[in-house]
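These are the residues of each chain, in order.
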Amino acid sequence: MSQSEEAVRASFKDKKRIIIKVGSSSLIHANTGALNLDKAEKLVRVLTDIRNEGKDVVLVSSGAIAVGRHAINMTQKPDTVCRMQACASVGQAKLMMMYQRLFSEYDQAAGQVLMTKYTILNDRSKENAYNTFNEMFKMGIIPIVNENDTISTYEIMFGDNDSLSALVASLTGADLLILLSDIDGVYTDDPNTNENAKLISYIDRLDDHIMDMGKDTSTSDVGTGGMKTKLSAAKIAISAGADMVIASGNDFSVVQRILDGKPFGTVFASKRDDGFDENAYIRSTMEGRITDPSLIRKEGI
């Protein structure tokens, strides 16, 4: 571990506002599609303990579509946006019910915040969201954020909340974003197809070479985000002044290990860029995706 990486990781113990994004695959039993309650309970315990340290913490949780699929006994991954949205309408309610029950066992208040990218793009709604988050922090509430899947189509198709979590980090002035997913971090190549691929533990410059390592695909049947969306999230987060970590969500105790400075996952060192136009970047990524002809043919949008 280089001196610069060691210094960045050592600073994690002093972070005051932390965003933790959990992908669908980290919450669901792969063989049945049902919620993994043991992991969910551990996640809630970890988040509550961070809050007990006096830190602000936000959970950005995917999983609504997967939970909804299981609730209505849909065995195949839905192949249209409207089916995904219908599953999400069932799953989001069940997901929040589960979180509320688990947090209540630790005497911790949690509140739901449903957002879309347009929340950030619109000045009025962005200010309202900012004020809501700040008031929740003052009241000791842990916000649980998800894309409003029943009315939005961007993260539901492409991001599994990766970009949304970075936008929440930017909006709230967070100093650390942790993305927990089905991969240990950024590799030199796809580790699923190349056994010689090596984990990159530290990235202090998000240049074209790194961005080109992004893969669109997810290895999970329940997730939608690939490495490309995570690198896009990193661009937003580090430009806003937050360090970011991509790590495996296989064991949620990794969160505390990351906060203790242990060498897990890939760290992106913050590079605040006051000239970074967040809204223009969001629009460019959305336009680039939505105008993809293959998606227009597949989804009829």
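Residues numbered from 1 in each chain as written. Predicted model: local features only at pLDDT ≥ 70, side-chain atom pairs only at ≥ 80, totals over all residues. Heavy atoms only, no water.

Quick notes on the overall build of the protein
Alright, step 1. Of regular secondary structure, the protein possesses 13 helices and ten strands.
Alright, step 2. Evaluated residue by residue, the protein yields a buried proportion of 56% over its 301 residues.
Alright, step 3. Taking the contacts inside the protein whose residues are at least 6 apart along the sequence as the reference set, 75% of them involve residues at least 24 apart.
Alright, step 4. Taken as a whole, the protein presents about 13700 Å² of accessible surface, with 47% of it coming from carbon and sulfur. (Helix = DSSP H or I, 4+ residues; strand = E, 2+ residues; numbered from the N terminus. Buried < 20%, exposed > 50% of the residue type's maximum accessible area, 1.4 Å probe, protein only. Contact = heavy atoms within 4.5 Å. Areas by Shrake-Rupley, 256 points an atom, 1.4 Å probe, with all protein chains shown as cover.)

Digging into the pairing of strand β2 (residues 56-61)
Alright, step 1. Along β2, six of the six residues are buried, which leaves the element largely enclosed by surrounding structure.
Alright, step 2. Judged by which residues are buried, β2 turns out to be covered on both faces: Asp56, Val58 and Val60 on one side and Val57, Leu59 and Ser61 on the other are all buried.
Alright, step 3. Sheet topology places strand β1 (residues 17-22) next to β2; six bridges connect them, and they run parallel. If you follow Val22 over to β2, its bridge partner there is Ser61.
Alright, step 4. For the crossover that starts at β1, traverses helix α2 (residues 37-52) and ends in the parallel β2, the hand is right-handed.
Alright, step 5. With two bridges joining them, β2 and strand β4 (residues 142-147) adopt parallel strand pairing. Bridging from a neighbouring strand, Leu59 pairs with Ile144 of β4. (Pairing = 2+ DSSP bridges. Right-handed = clockwise from strand over helix to strand, strands pointing away.)

Looking at the environment of Val245
Alright, step 1. By the secondary structure assignment, Val245 is in strand β9 (residues 243-248).
Alright, step 2. Of the residues examined, Val245 reaches a relative accessible area of 0% and is grouped as buried.
Alright, step 3. Residues Val245 and Ser201 lie 44 residues apart in sequence; the distance between their C-alpha atoms is 9.4 Å.
Alright, step 4. Other than its neighbours up to four places away in sequence, Val245 contacts Phe12, Leu176, Leu177, Ile178, Leu179, Ile258, Phe264, Thr266 and Val267.

Here we look at the sheet that holds β4
Neighbouring strands of a sheet are bound in pairs by backbone hydrogen bonds; such pairs are parallel or else antiparallel.
Alright, step 1. Taken together, the eight strands give an open sheet; going across it, the order is β3-β4-β2-β1-β5-β9-β10-β8, and neighbouring strands pair in mixed fashion. Strands with a single pairing partner mark the edges of an open sheet, and in this sheet they are β3 (110-115) and β8 (202-203).
Alright, step 2. Along the sheet, helix α10 (residues 227-239) makes contact with β5 (176-181), β9 and β10 (266-268), crossing β9 at roughly 155°. (Axes fitted to C-alpha atoms, helices over the stretch in contact; angles between N-to-C directions.)

Looking at the pattern of salt bridges
Alright, step 1. Counted according to the given criterion, the structure contains nine salt bridges.
Alright, step 2. Here Arg9 and Glu5 are joined by a salt bridge, their closest N and O atoms 2.9 Å apart. Taken together, the residues Arg9 and Glu5, both in helix α1 (residues 3-10) and four residues apart, mark about one turn of the helix.
Alright, step 3. Across the pair Glu41 and Arg45 runs a salt bridge, and its minimum N-O distance is 3.2 Å. Residue Glu41 and its partner Arg45 are both found in helix α2; the two are separated by four residues, about one turn of the helix.
Alright, step 4. Taking relative accessible area as the criterion, Arg45 reaches 38% and is therefore assigned partly exposed.
Alright, step 5. Overlapping salt bridges, with partners in common, bring together Arg17, Arg51 and Asp56 in one network. (Salt bridge = Lys/Arg side-chain N within 4 Å of Asp/Glu carboxyl O.)

Here we look at the pairing of β9
Alright, step 1. In terms of burial, β9 is a largely internal element, six of the six residues being buried.
Alright, step 2. Sheet topology note: the β5/β9 ladder contains six bridges and is parallel. Across the sheet, residue Leu177 finds its bridge partner in β9, namely Met244.

A closer look at helix α6 (residues 123-138)
Given 3.6 residues per helical turn, the α-helix brings residues three or four places apart onto the same face.
Alright, step 1. Here α6 is 16 residues long and its end C-alpha atoms lie 23 Å apart, about the 22 Å a rise of 1.5 Å per residue gives.
Alright, step 2. Residues Ala129, Phe133, Asn134, Met136 and Phe137 constitute the buried set of α6. Viewed along the axis of α6, the buried residues span an arc of 160°, placing them on a single side of the element. Seen from the buried face of α6, the exposed residues on the opposite side, beyond 90 degrees, are Arg124 and Lys138.
Alright, step 3. Its side-chain oxygen 3.0 Å from the backbone nitrogen of Arg124, Asn122 forms the N-cap of α6.
Alright, step 4. In the segment just after α6, Gly140 is the residue with positive phi, at about 75°. (Expected span 1.5 Å × (residues − 1). Arc of directions from axis to C-beta. Polar contact = N/O pair within 3.5 Å; in protein donor to acceptor, adjacent residues only side chain to side chain.)

Things to note about the side chain of Arg51
Alright, step 1. Locating Arg51 in the fold gives a position in helix α2.
Alright, step 2. Leave out the neighbours within four places in its chain, and Arg51 touches Asp56, Val57, Gln108, Phe137, Gly140 and Ile142.

Some thoughts on the nonpolar core
Alright, step 1. Met115, Phe133, Val145, Val186 and Phe268 are the most contacted members of the largest nonpolar core, which has 44 residues in total.
Alright, step 2. In terms of residue count, the dominant contributor to this core is α10 (seven residues).
Alright, step 3. Not counting residues within four places of it along the chain, the set of residues in contact with Phe133 comprises Val58, Val113, Met115, Pro143, Val145, Val168, Leu171 and Thr172.
Alright, step 4. Residues Ile20, Phe103, Val255 and Ala269 belong to the second largest nonpolar core, which totals 39 residues. (Core = buried A, V, L, I, M, F, W, Y, C linked by side-chain atoms within 4.5 Å.)

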